[in-house]
Amino acid sequence: ATIEPVYTKEAYCRDANDIGDTYVEISLTNQKMWFYKNGNVVVETPVVTGNPYAGHETPSGGVWSLKGRARNQTLSGQGYNSPVDYWMPFNGGVGIHDMQSRAWFGGSIYLGSGSHGCINTPLAAVKLIYDQIEEGVPVIVYKDESEEAYSQVTGPFDAQSLNAQIQETYGTVEDDGIGSIVAWSRSQRAQAQA
């Protein structure tokens with residue numbers, strides 16, 4: 001007889017590595033993120049991860065699964081309230097999201113001005129990911145402290161040029177008509193200050 005075991009949690013893919021060829025890869029050392037779908041790179045982008053010096057280092061050394069996707073959320077914690085248009089949690093309160101108030105991504109920004117643990121991502125990149133990812137996709141987060149990895153660390157990239165480059169290289173996502181909580185939040189702050 002053939003018996004199929006009952007799993008408390010099944011892997012996203014039942015291949016040799018249980019990850020498959022659709023996954024998100026995040027390098028804390030290089031401050032880069034890649035999203036692969038069916039073995040093809042959907043987008044590669046500089047990011048800003050958690051600030052280790054403030055006790056907010058992004059959890060690493062593991063594989064998590066995407067817990068869901070949501071639009072127009074306000075992320076709140078001790079000392080911050082951040083509106084985001086795209087939210088994809090994978091480890092408790094840690095997730096991938098846009099951070100439109102950031103002017104720069106990549107490099108060593110995370111060491112002095114990093115997030116509270118989340119993966120701050122340029123808008124063009126996060127839209128591409130959000131549009132093509134689904135719940136359960138593996139998210140791999142790691143540090144590579146080898147000399148080779150450190151030699152590949154690049155300087156920061158300005159958000160405006162980076163968004164244009166991502167759109168030129170990987171394409172764009174059509175507006176879904178839902179609107180932007182970030183634009184609404186900026187409008188509300190401007191009205192309050194007037």
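In every chain, residue numbers begin from 1 and rise along the written sequence. Owing to the predicted nature of the model, reporting of local features is limited to residues with pLDDT of at least 70; listing and counting of side-chain atom pairs is limited to 80 or more, with chain, interface and lining totals taken over all residues. Side-chain measures here rest on the full set of heavy atoms in the structure, leaving out hydrogens and waters.

So, on to the sheet that holds strand β7 (residues 94–98). One open sheet accounts for 4 strands, arranged β5-β6-β7-β9; its pairing is mixed. Two strands in the sheet have a free side with no partner beyond their single neighbour: β5 (70–77) and β9 (119–121). Neighbouring strand axes in the sheet, compared pairwise and without regard to direction, differ in orientation by 45° on average. Across 7 bridges, the pairing between β5 and strand β6 (residues 80–91) is antiparallel. Paired with T74 across the strands is P83, a residue of β6. Note on contacts: a residue pair is in contact if any heavy atoms of the two residues lie within 4.5 Å. Here an axis means a line fitted to C-alpha atoms, over the contact stretch when the element is a helix, while the angle between two N-to-C directions is reported on a 0 to 180 degree scale. Helical segments are the DSSP runs of H or I of at least four residues, strand segments are the runs of E of at least two, and each set is numbered from the N terminus. Its contacts with the sheet place helix α2 (residues 123–132) against β5, β6, β7 and β9, and it is angled at close to 40° to β6. The rule for pairing is simple: two strands pair if DSSP sees at least two bridges between them.

This brings us to the environment of T45. Along the chain, the position of T45 falls in strand β3 (residues 40–46). Each C-alpha atom of the pair T45 and I166 lies 7.6 Å from the other, and the pair is 121 residues apart in sequence.

Within the largest apolar cluster, 33 residues are counted, with the highest numbers of intra-cluster contacts made by V24, I26, M33, M88, F90, I96 and I133. The set of elements that each furnish at least two residues to this core consists of β1 (23–27), β2 (32–37), β3, β6, β7, α2, β10 (138–142) and α4 (159–170). The greatest single-element share of this core, amounting to 6 residues, is contributed by α2. Beyond its immediate stretch of four places on either side in the chain, V24 contacts M33, W34, F35, I96, I133, V137, P138, V139 and I140. Grouping buried Ala, Val, Leu, Ile, Met, Phe, Trp, Tyr and Cys residues that are joined through side-chain atoms within 4.5 Å yields what is termed a nonpolar core. Buried, partly exposed and exposed residues are distinguished by accessible area as a fraction of the type maximum, computed with a 1.4 Å probe on protein chains only: under 20%, between the cut-offs, and over 50%, respectively.

Turning next to unusual backbone geometry. One non-glycine residue, Q31, lies in the positive phi region at around 50°. Inspection of the secondary structure assignment puts Q31 in the loop between β1 and β2. Given a relative accessible area of 0%, Q31 falls into the buried group. Its identity as a non-glycine residue notwithstanding, N72 has a phi of 50°, on the positive side.

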